[in-house]
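# Commentary on secondary and tertiary structure
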Amino acid sequence: MKVCFIPEVGNSYKANLHCHSTLSDGKLTPERIKEIYKAHGYSIVAFTDHEIIYDNSHLTDDGFLAITGCELAAVGPGDTGVPGHFPDRKCVHINLLAPDAHAITNVCYDPEWSKWCDKKNIRYTVPYYGEVVKRENTTAWVNRVISEAEEHGYLVALNHPVWSAQNYDDYKGYKGLWGLEVFNSGCNRLCLTDTTVVYDQLLRLGKTIFPIAADDNHGGEEHLDKPSGDMCRGWTVVKAGSLDYQTIFAALKNGDFYASTGPEIKSAYAEDGVIHIECSDVRRIWVNSSSSASLFAYPENEGETISSADFVFASKDEEGKWISKLPGYVRITVEDVFGRQAWTKAVLVEDLLR
């Protein structure tokens, strides 16, 4: 049976799923952000301003989709009681993507945390589910947010755990996460980027979680298209039949996408014990598993590139039973000559051999 890491049918839509505007601590208006991202080939931006969910659906048109969302944060021990950014202290940041463009009812709302970023002074009229929930950087609080968000149809992603100074003991107990940022351009410019390690740690725990590359843009246009910038440097390519909210949201929920900082993955599937990948020109292609076992392909000579690879990862024994070289799960990474990478979701080996 043929199993695809990325759907073979549908259109490819370039998306930024983590974005800040003047509605919180970003420097650009939602309208200007739309202009810039459309000019750079994006069709989707999730506006995830801090703490309060805003409806930016007026930005949606035939060629652009604004996804509704927000980013929630909590800090660790030593909190002064003044909410906000604490890069010198352990914290947690999570994104919520809403199931509907007009779904602006907040989950686990704490009005004290909305004060520092509320530019509209509406914190006392913000709609929210249930009761006010005091903000805590604990596994219990994160799991409560995830649970209540999922109950109301939201997708929940863990943002930049390396920047947040989190370690394994902090995130191992999170239950129900949909996504993880494997790349964040705002963190990349600070040289805090190696989140694929966290991705594998969560996958080895048996969690179903999808990789996201995003911008987390707070800056202005002065660094646009420069290495020091935090815009249009990481994206998620969503495969879907049309650019409408429900279709894109369903594709995101199902993991019908890959994450990238440059390379294009054109095709990735497994069939009859072989993993096949087609991509833009890259300097290496490899397949990770739940152990140190991996498969990899390089060009023949230094300076050359490859754009496809076939990996035999399993064969049948004398009784016709599949025997895999790779345990647990597999996921694919490609890397171009500039060191930019793209990542697929992970698929269980047993599902590839059915």
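See above for the structure.
Overview of the structure. (Residues numbered from 1 in each chain as written. Predicted model: local features only at pLDDT ≥ 70, side-chain atom pairs only at ≥ 80, totals over all residues. Heavy atoms only, no water.)

### Let's talk about the overall build of the chain
Within the chain, the regular secondary structure consists of eight helices and 20 strands. At 20 Å, the chain has a C-alpha radius of gyration in line with the 20 Å of a compact globule built from 354 residues. In terms of its C-alpha atoms, the chain occupies a principal-axis envelope of roughly 70 × 40 × 35 Å. Accessible surface computed for the chain: about 15,000 Å², of which carbon and sulfur atoms make up 49%. Of the side-chain charges in the chain, 34 are positive and 50 negative, and the distance between the mean point of each set is 3 Å. (Helix = DSSP H or I, 4+ residues; strand = E, 2+ residues; numbered from the N terminus. Rg over C-alpha atoms; globule rule 2.2 N^0.38 Å. Areas by Shrake-Rupley, 256 points an atom, 1.4 Å probe, with all protein chains shown as cover. Lys, Arg positive; Asp, Glu negative; His and termini not counted. Charge placed at Lys NZ, Arg CZ, Asp CG, Glu CD.)

### Looking at the nonpolar core
Core analysis: the biggest nonpolar cluster contains 59 residues, and I67, L96, W178, I248 and L252 have the highest contact counts within it. Once you skip the residues sitting within four places of it in the chain, L96 turns out to touch T68, G69, C70, L72, V107, V145, A149, Y154, L155 and V156. Among the nonpolar cores identified, the runner-up in size contains 45 residues, and L59, I265, I277 and L295 belong to it. (Core = buried A, V, L, I, M, F, W, Y, C linked by side-chain atoms within 4.5 Å. Buried < 20%, exposed > 50% of the residue type's maximum accessible area, 1.4 Å probe, protein only. Contact = heavy atoms within 4.5 Å.)

### Side note on the pattern of salt bridges
When their charged atoms lie close together, side chains carrying opposite charge are able to pair. Going through the model one piece at a time under the given rule, you end up with 16 salt bridges. For R283, the salt bridge is made with E335, and the minimal N-O distance between the two is 2.9 Å. Residue R283 is located in the loop between β12 (274-282) and β13 (284-289), and its partner E335 is located in strand β18 (residues 329-335); the two are separated by 52 residues in the primary sequence. Given a relative accessible area of 7%, E335 falls into the buried group. (Salt bridge = Lys/Arg side-chain N within 4 Å of Asp/Glu carboxyl O.)

### Comments concerning the pairing of strand β9 (residues 235-240)
Within β9, six of the six residues are buried, which leaves the element mostly enclosed by the surrounding structure. Of the two faces of β9, the one holding W235, V237 and K239 and the one holding T236, V238 and A240 are both buried throughout. Across five bridges, strand β2 (residues 11-16) lies against β9 in antiparallel orientation. When the sheet's bridge partners are listed, S12 is paired in β9 with K239. Summarising the sheet, β9 and strand β10 (residues 257-260) pair through four bridges and their orientation is antiparallel. Pairing of T236 across the sheet is with A259, part of β10. (Pairing = 2+ DSSP bridges.)

### A word on helix α3 (residues 139-151)
Taking 1.5 Å per residue as the helical rise, α3 with its 13 residues ought to reach 18 Å, and the 18 Å between its terminal C-alpha atoms agrees with that figure. Regarding α3, the residues found buried are W141, V142, N143, V145, I146, E148 and A149. In this structure, the buried residues of α3 make contact with β4 (65-75), β5 (91-97) and β6 (155-159). In the segment just after α3, G153 is the residue with positive phi, at about 90°. (Expected span 1.5 Å × (residues − 1).)

### A look at the packing of aromatic side chains
Following the criterion strictly, the structure yields eight aromatic pairs and no others. Between the aromatic rings of Y37 and Y42, the centroid separation amounts to 4.7 Å while the plane-to-plane angle is 85°, which identifies the pairing as edge-to-face. We classify Y37 as buried; its relative accessible area is 0%. Residue classification places Y42 among the buried residues on the basis of a relative accessible area of 2%. Connected via pairs of aromatic rings, a cluster forms that spans Y37, Y42 and W235. Across from the ring centre of Y269, 4.1 Å away, lies the NZ or CZ of K2, which sits over that ring. Above the ring of W286, the side-chain terminus of R284 is found at 4.1 Å from the ring centroid. (Phe/Tyr/Trp six-rings, centres within 6.5 Å; stacked < 30°, edge-to-face > 60°. Lys NZ or Arg CZ within 6 Å of the ring centre and 35° of its normal.)

### Some thoughts on the sheet that holds strand β15 (residues 306-312)
Strand order in the open sheet formed by four strands is β1-β11-β12-β15, and the pairing between neighbours is antiparallel. Sheet topology places β1 (3-4) and β15 at the edges, where each strand pairs with a single neighbour. Here strand β11 (residues 265-271) runs beside β12; their pairing, made up of six bridges, is antiparallel. Among the inter-strand pairings, E271 is bridged to a residue of β12, identified as V274.

### Quick word on the side chain of T344
By the element assignment, T344 lies in the loop between β19 (341-343) and β20 (347-348). On the accessibility criterion, T344 (0% relative accessible area) is buried.

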